[in-house]
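What the coordinates show
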Amino acid sequence: REVRVSRDNATANAPVPAGATLTFSLHPVSCPPVSGPLPGPAAVRTRLREGTVIDAAGGVPVADVAPAVLPSVSLSLPSPVAGAVGPLLLNLTAGNPLPVGAVITILLPGEYTALLPMHAAGLSGIDGAFAVGANATEGGTAIGGELANGT
């Protein structure tokens, strides 16, 4: 996306001298819809009104969109009795949008075991089917759920 900022001929009285530092704000600018690295760096050019380039800089880094902290997360089991088997209820508030194909990973501590085959069902705030897998990891069991389709 190219953004052009022009000096106003009616209010600008003198050229900006070489070596001067310019700082200004452009707003509003919307971040990408999901977190992660941006597809590439930005470029900045100064040019004359007819298009002749005066100065140019390519490869200007732009901060990646950082993952948000999940504002609210809870896990609950229907029975706290040792050895009981039942569903694990995950309730979370997403800090960033979760696109189709996003993966939600839960790392269960210690002796909890994810029994296979496993399935998932969206209870509220989400639609579509889910693909679920689990594997043992050091320190617990990791469960990953891919949002196969839906929002």
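Residues numbered from 1 in each chain as written. Predicted model: local features only at pLDDT ≥ 70, side-chain atom pairs only at ≥ 80, totals over all residues. Heavy atoms only, no water.

**Notes on the overall build of the protein**
Our working rule: To qualify as a helix, a DSSP run of H or I must reach at least 4 residues; to qualify as a strand, a run of E must reach at least 2; elements of each kind are numbered from the N terminus. Burial status follows relative accessibility: with a 1.4 Å probe on protein chains alone, a residue under 20% of its type maximum counts as buried, one over 50% as exposed, and anything between as partly exposed. Residue contacts follow a heavy-atom distance rule, with two residues in contact if any of their heavy atoms lie within 4.5 Å.
If you tally the helices and strands in the protein, you get 0 helices and 7 strands. Listing the helices and strands of the protein from first to last along the sequence gives β-β-β-β-β-β-β. Split into buried and exposed, the 151 residues of the protein put 8% on the buried side. Sequence-distant contacts, at least 24 apart, represent 46% of the contacts inside the protein between residues at least 6 apart.

**Digging into the pattern of salt bridges**
We apply this condition: The salt bridge definition used is simple: a Lys or Arg side-chain nitrogen within 4 Å of an Asp or Glu carboxyl oxygen.
In the structure shown here, the tally under the stated rule is 3 salt bridges. The salt bridge involving Arg-4 is made with Glu-2; its shortest N-O contact spans 2.7 Å. With a relative accessible area of 63%, Arg-4 lands in the exposed category. Given a relative accessible area of 46%, Glu-2 falls into the partly exposed group. One salt bridge connects Glu-2 with Arg-47, and the closest N-O pair in it is separated by 3.9 Å. Of the two residues, Glu-2 is situated in the segment before strand S1 (42-47) and Arg-47 in strand S1; the sequence distance between them amounts to 45 residues. For Arg-47, a relative accessible area of 36% translates into the label partly exposed. Through salt bridges with shared partners, a single ionic network connects Glu-2, Arg-4, Arg-45 and Arg-47.

**Remarks on unusual backbone geometry**
Where the residue is not glycine, phi is negative for most of them; where a peptide bond is considered, it is trans in most cases. Between His-27 and the following residue, Pro-28, the backbone shows a cis peptide bond with an omega angle of -5°. In this fold, Pro-28 is placed in the segment before S1.

**Some words on a nonpolar patch on the surface**
To keep things clear, this is the line we draw: Only residues above 30% relative accessible area that lack a salt bridge enter a patch, with like-charged residues linked at up to 9 Å and the nonpolar side chains Val, Leu, Ile, Met, Phe, Trp and Tyr linked at up to 5 Å. Method for areas: the Shrake-Rupley scheme with a 1.4 Å probe, in which residue coverage is limited to the protein chains shown.
Together, Val-3, Val-5, Val-16, Leu-22, Phe-24, Leu-26 and Val-29 make up a nonpolar patch on the protein surface, roughly 700 Å² of accessible area in all. Mapped onto the secondary structure, Val-5 falls in the segment before S1.

**Digging into the environment of Ala-57**
One can find Ala-57 in strand S2 (residues 53-60). For the pair Ala-57 and Arg-45, spaced 12 residues apart in sequence, the C-alpha separation works out to 6.4 Å.

**Structural notes on the confidence of the model for the protein**
The test is simple: Confidence per residue, as judged by the predictor, is encoded in pLDDT with a range of 0 to 100.
Scored by pLDDT, the protein has a mean of 78; 87% of the residues are at 70 or more. Per-element confidence in the protein is highest for S2, whose mean pLDDT is 91, and lowest for strand S7 (residues 140-147), whose mean pLDDT is 57. Counting contacts from residues 147-151, a segment whose pLDDT is below 50, to residues more than four positions away or on other chains yields 22 contacts.

**Here's the deal with the environment of Pro-71**
Within the secondary structure, Pro-71 is located in the loop between S2 and strand S3 (72-76). By relative accessible area, which is 58% here, Pro-71 ends up exposed. A C-alpha to C-alpha distance of 6.4 Å links Pro-71 and Gly-95, two positions 24 residues apart in sequence. Discounting residues that sit within four places of it in the chain, Pro-71 has contacts with Thr-93, Ala-94 and Gly-95.

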